[in-house]
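# Structural characterization, general
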Amino acid sequence: SQTIHQWPATLVQPVGSPLSLECTVEGTSNPNLYWYRQAAGRGLQLLFYSVGIGQISSEVPQNLSASRPQDRQFILSSKKLLLSDSGFYLCAWSVGDGANVLTFGAGSRLTVL
Amino acid sequence: SQKIEQNSEALNIQEGKTATLTCNYTNYSPAYLQWYRQDPGRGPVFLLLIRENEKEKRKERLKVTFDTTLKQSLFHITASQPADSATYLCALEPPYKLSFGAGTTVTVRA
């Protein structure tokens, strides 16, 4: 069966520090991969999606970047965090069969101080 | 611009009653619409998908309707239970860029 792992679960970082969140998927090949952010009391905002290795689409201009070094690995990064980067980050995957049903990871809670 | 709007107020209902949630959208022409459940501090979990040519879809105590003329989906939880307390999100295509509403928080009182 397919599983998705996301880590770390929580982190507190100072402003200006770097960030790396990792997501891996098991049990499937060539998944579509996504990073969403959820601010407190707000909806899910799509940050990045990827349909293949090295293929990254960015949805909003921001202080973050994403990379997909392997088929089932998706990394969210920042060189210098801002206070506004605080939030709940969710990785998700889907198969490219048209319906695009997403399976989400457990999320990473980032607090920037 | 494209917009997805869900019930702005949280929904508090008595156990056993039916909860009805609304999802309205503008400037989308979705081929399908999805509903997810999110518990506090967790990732959303997929519940149901309904296609544009389907008027209604059921799964156990859940029922979803989809009216592409009204640009609206209704999500019903029948015979509600305290375990149904969660935030429910609707989501629309386009493909690869599933967009979510802000969600409606449902609290079922015993």
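Now for a description of the structure that goes with this document. (Residues numbered from 1 in each chain as written. Chains lettered and ligands numbered in written order. Predicted model: local features only at pLDDT ≥ 70, side-chain atom pairs only at ≥ 80, totals over all residues. Heavy atoms only, no water.)

### Focus on the interface of chain B and chain A
The partner chain A presents 22 residues to the 19 residues of chain B that form the contact. Both faces combined, the contact of chain B with chain A buries some 1,500 Å², and carbon together with sulfur accounts for 58% of it. Along the contact surface separating chain B from chain A lie zero salt bridges. On inspection of chain B and its partner chain A, the count reaches four residue pairs in polar contact (both at pLDDT 80 or more). (Contact = heavy atoms within 4.5 Å. Buried area = accessible area lost by both parts, 1.4 Å probe. Salt bridge = Lys/Arg side-chain N within 4 Å of Asp/Glu carboxyl O. Polar contact = N/O pair within 3.5 Å; in protein donor to acceptor, adjacent residues only side chain to side chain.)

### Structural notes on the sheet that holds strand β8 (residues 72-77) of chain B
Either a parallel or an antiparallel arrangement is found when strands of a sheet pair, and the pairing is made through backbone hydrogen bonds. Residues and elements named next belong to chain B. Here five strands make up an open sheet; going across it, the order is β1-β3-β8-β7-β6 and the pairing antiparallel. In this open sheet, the two edge strands, each paired with only one partner strand, are β1 (3-6) and β6 (56-59). For this sheet, the mean inter-axis angle between neighbouring strands, taken without regard to orientation, is 15 degrees. Bridge count for strand β3 (residues 19-26) against β8 is six bridges, and the pairing is antiparallel. Across the sheet, Leu21 pairs through a bridge with Phe75, a residue of β8. (Pairing = 2+ DSSP bridges. Helix = DSSP H or I, 4+ residues; strand = E, 2+ residues; numbered from the N terminus. Axes fitted to C-alpha atoms, helices over the stretch in contact; angles between N-to-C directions.)

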